[in-house]
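Understanding the architecture of this molecule
Chain by chain, the residues run as shown.
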Amino acid sequence: MTADAHVPVLLHQAVDALAIDARPDGTFVDATFGRGGHSRLILERLGPAGRLIAIDRDPDAVASARTLDDMRVSPVHARFSELQSTLAALRAGEADGVLFDLGVSSPQLDDPRRGFGFRSDGPLDMRMDTSRGASAAEWLQRAQEAEIREVISNYGEERFAKQIAKAIVAARRSGPLRRTGELAAVVAAAVRTREPGQNPATRTFQALRIHVNQELEELSLALPQAVAALRRSGRLAVISFHSLEDRIVKTFMRGQARPSLPERLPVRARDLPPPRLRIVGSPQRPGPEEIAANPRARSAVLRVAEKVA
Ligand SMILES: C[S@@+](CC[C@H](N)C(=O)[O-])C[C@H]1O[C@@H](n2cnc3c(N)ncnc32)[C@H](O)[C@@H]1O
């Protein structure tokens, strides 16, 4: 595997979920192109008149999509929270399937220059879209201690968030934290107990990455747009990698499948809005073989729904 490669997770399950065989000349959206693992399999199944819209916020991922050299592909540099305007600008019409494979790709994680990892030293960046927004270093330099604690606690589910935030603020008094190695060392010194097999900086790095890229807000904004974009019987497939993301996906799909109004409002069942989605099957997780071959897959969950109205 080259340094720029990404092993797709739940590849066949996710692409099967899009039911391309039923609409081989349809329009499909890969909202997280990465290095195109899922997109390539979509293209194998797509007919000559089919269309694939390949979105990513990372310019390197979009550059990779442009190398596909396939008339059916439209690569787009955008956030998936801009799904509706992106599809409108492309005059894409209704979509037959939308796939989200959330989180970061291996090329992002493994390239020290992107600043996502604590294993090798690099600039403390962590932006998926390197063309805009504040880096992790910039945010850590100006954030209040309480904000840092909240981010690390909420998005990293880190019980030492308070100590880590305090240590970061103490460290930056002697100069900005600019490198991943510096941050990892500050965190390691602040965390008293170790989780077996886990670097003490794992949770803090995850939290900062989610915050810097507004990952949960992006997801909450994108899911309703994906449903709006789908035609009736179109499919929504979402792969998530941690419980915070999965909770948003699960709650959204259930809410669309069984609309409800706040309790104690005098509303009759027949006056409720009709369901917009039907949940397809149970959540799917990678088997032991996939996890053994690709440890990044271990926390993945695929949820699928079909538009019904
Ligand atoms: C797990 S990787 C996708 C890998 C891809 N399925 C493959 O097989 O190569 C996630 C990708 O989604 C992109 N991404 C994450 N959040 C995004 C967002 N809000 N808008 C657009 N792209 C996003 C990341 O830049 C990354 O390239």
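1. Examining the packing of helix α9 (residues 180–190) against helix α10 (residues 202–212)
- Running from N to C, α9 and α10 point in directions that differ by 125°, and their axes come no closer than 9 Å. One element, α9, and the other, α10, form an angle in the oblique class. As for the relative orientation of α9 and α10, their crossing is right-handed in sense. In this structure, α9 contributes Thr 180, Leu 183, Ala 184 and Val 187 to the contact, and α10 contributes Thr 204, Phe 205 and Leu 208.
- The residue makeup of the contact of α9 with α10, split by class, is five nonpolar, two polar and no charged.

2. Notes on the packing of aromatic side chains
- Summed over all chains, the structure comprises two aromatic pairs.
- Aromatic pair Phe 80 and Phe 100: ring centres 5.0 Å apart, planes at 85°, arrangement edge-to-face. With Phe 80 in the loop between β3 (73–77) and α4 (83–89) and Phe 100 in strand β4 (residues 95–101), this residue pair connects regions lying 20 residues apart in the sequence.
- Look at Phe 100 and you get buried, because its relative accessible area is 0%.
- Ring centres of Phe 118 and Phe 205 lie 5.2 Å apart, and the angle between their planes is 85°; this geometry places the pair in the edge-to-face category. Of this pair, Phe 118 sits in the loop between α5 (106–110) and α6 (136–142) while Phe 205 sits in helix α10, placing them 87 residues apart in sequence.

3. Remarks on the nonpolar core
- Core analysis: the largest hydrophobic core is formed by 36 residues, its most contacted members being Leu 124, Met 126, Leu 140, Ile 148, Ile 164, Ile 168 and Leu 183.
- Counting only elements with at least two residues in this core, the list comes to α6, α7 (145–156), α8 (161–172), α9 and α10.
- Other than its neighbours up to four places away in sequence, Leu 183 contacts Leu 124, Leu 140, Ile 168, Leu 177, Phe 205 and Leu 208.
- Counting 28 residues, the second-largest nonpolar core is a separate cluster that includes Leu 87, Ala 92, Ala 222 and Phe 252.

4. Some thoughts on the sheet that holds strand β2 (residues 51–56)
- With respect to topology, seven strands assemble into an open sheet ordered β3-β2-β1-β4-β5-β7-β6, the strand pairing being mixed. This sheet does not close on itself; its edge strands, each paired only once, are β3 and β6 (277–279). With strand direction ignored, the average angle separating the axes of adjacent strands in the sheet is 20°.
- Contacts from helix α3 (residues 59–66) reach β2 and β3 within the one sheet, and its direction differs from that of β3 by about 165°.

5. A closer look at the pairing of strand β5 (residues 230–240)
- Counting buried positions along β5 gives eight out of eleven residues, so the element sits mostly inside the fold.
- Here six bridges tie β4 to β5, and the two strands are oriented parallel to one another. For Phe 100, the partnering residue across the bridge sits in β5 and is Val 238.
- Alignment of β5 against strand β7 (residues 301–307), held across six bridges, turns out to be antiparallel. From the neighbouring strand, Val 238 faces β7, where its bridge partner is Arg 303.

Definitions and cut-offs
- Residues numbered from 1 in each chain as written.
- Predicted model: local features only at pLDDT ≥ 70, side-chain atom pairs only at ≥ 80, totals over all residues.
- Heavy atoms only, no water.
- Axes fitted to C-alpha atoms, helices over the stretch in contact; angles between N-to-C directions.
- Helix = DSSP H or I, 4+ residues; strand = E, 2+ residues; numbered from the N terminus.
- Parallel < 35°, antiparallel > 145°, perpendicular 65-115°, else oblique.
- Left-handed = near helix turned anticlockwise from the far one by under 90°.
- Contact = heavy atoms within 4.5 Å.
- Nonpolar A, V, L, I, M, F, W, Y, C, P; charged D, E, K, R; others polar.
- Phe/Tyr/Trp six-rings, centres within 6.5 Å; stacked < 30°, edge-to-face > 60°.
- Buried < 20%, exposed > 50% of the residue type's maximum accessible area, 1.4 Å probe, protein only.
- Core = buried A, V, L, I, M, F, W, Y, C linked by side-chain atoms within 4.5 Å.
- Pairing = 2+ DSSP bridges.

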